[in-house]
Amino acid sequence: MPQVSPVFEETYTHYLSKVADRDLPSLASKLGARVEEDRLVISLFNSEYVAGPQGITGPSGQRPSFDTCIVLFKYILLCPDGQPGGSDWSSFRDLKDSGPLTKYFAHEVEHSIAAHFAGRKAALISAGRMCDGKPPDVDLSYDVSMRFEPLVRVPMLLLFNDQDEEFPAQCSVLFEQRAEAYLDAECLAILGGMLARRLKRDRIRSGT
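Keep in mind it's a predicted model, so treat the numbers as computed, not measured.

Engineer: Looking at this model, I keep getting lost on the packing of aromatic side chains. Mind explaining?
Structural biologist: The description of two aromatic rings rests on the distance between their centres and on the angle between their planes. The full count for this structure, using the stated rule, is 7 aromatic pairs. Judged by centre distance (4.8 Å) and plane angle (90 degrees), the ring pair of Phe-8 and Phe-66 falls under edge-to-face. Pair noted here: Phe-8 is in helix H1 (residues 6-20) and Phe-66 is in helix H3 (residues 66-77), with a separation of 58 residues, a long-range link. Residue Phe-66 is classed as partly exposed on the basis of its relative accessible area of 33%. Summarising the aromatic geometry, the rings of Phe-92 and Phe-105 are spaced 4.4 Å apart at their centres and angled 10 degrees between planes, so their arrangement reads as stacked.

Shown next, in the form of structure tokens:
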């Protein structure tokens, strides 16, 4: 088993103690999760993770990556009392406390996707479908528009225009405004990075 960073272990233990104080079954419907004994089963990018007083385990039965643990911990701990309003799509930079991370998100998520799939619109569509991306509920004037649901209450919208004779490929990744009620800016940026990596990985897997 790989050696765990002391900082990771300390952070993990800190959040785990907070999760242990929560009535997890009462949060299930609010988070779109299901209950398994005293634990929550949460879907993250279509993989199920079990979170409870004993810790977080992934599909392999092992503790998942640091980033995954942080996102799941925060999703549980920040769970709002009701269903927040704000279903309009918003850019990352317009979300609460996103300022220090806007350059990261623009470069590592949006620009990364645009550069990787420039001239490969069909490959992006194929990779998006492998990530369970679906057409959005409204018609949008983009070469590619896909809705993803990394977490049930935190959907994402990818908008992509391919390169042409005048402009380079461009990509925007949006969140519903109410996403900031479920996750902080750091975790939303992590989700964006996860999406970018999965799309690039699945393009290679599909051979496109």
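Engineer: I keep staring at the side chain of Ser-145 and nothing clicks. Help me out?
Structural biologist: Of note, Ser-145 is situated in strand E6 (residues 144-151). Classification of Ser-145 as buried rests on a relative accessible area of 19%. Ignoring anything within four residues of it in the chain, the contact list for Ser-145 reads Lys-134, Pro-135, Pro-136, Leu-140, Leu-158 and Leu-159.

Engineer: I tried to follow the environment of Ser-47 on my own but got confused; where do I start?
Structural biologist: Structurally, Ser-47 is set in strand E3 (residues 47-52). For Ser-47, a relative accessible area of 25% gives the class partly exposed. In contact with Ser-47, other than residues within four places in its own chain, are Ile-42 and Pro-59.

Engineer: Teacher, can you tell me more about the pairing of strand E8 (residues 170-176) here?
Structural biologist: Along any regular strand the residues' side chains alternate between the sheet's two faces. Of all 7 residues in E8, 5 are buried, a share of seventy percent or more. Relative to E8, strand E5 (residues 89-91) runs antiparallel, the two sharing 3 bridges. Of the residues in E8, the one forming a bridge with Trp-89 is Glu-176. Bridge analysis of strand E7 (residues 154-161) against E8 gives 6 bridges, and the strand direction is antiparallel. Note that in E8 the partner of Leu-159 across the bridge is Ser-172.

Definitions and cut-offs
- Counting from 1, residues in each chain are numbered in the order their sequence is written.
- Confidence filtering applies because this is a predicted model: local features only for residues at pLDDT of at least 70, side-chain atom pairs given and counted only at 80 or more, and all residues used for totals across whole chains, interfaces and linings.
- The side-chain figures draw on all heavy atoms in the structure; neither hydrogens nor water molecules are used.
- Any two rings among Phe, Tyr and Trp, with Trp reduced to its six-membered ring, count as a pair given centres within 6.5 Å; such a pair is stacked if its planes are under 30 degrees apart, edge-to-face if over 60, and tilted if neither.
- A run of DSSP states H or I qualifies as a helix once it reaches four residues; a run of E qualifies as a strand once it reaches two. Both are numbered from the N-terminal end.
- Under the scheme applied here, a residue whose accessible area is under 20% of the maximum for its type counts as buried, over 50% as exposed, and between as partly exposed, the area being computed with a 1.4 Å probe on protein chains only.
- We call two residues in contact whenever any of their non-hydrogen atoms come within 4.5 Å of each other.
- Pairing between strands requires that DSSP locate at least two bridges from one strand to the other.

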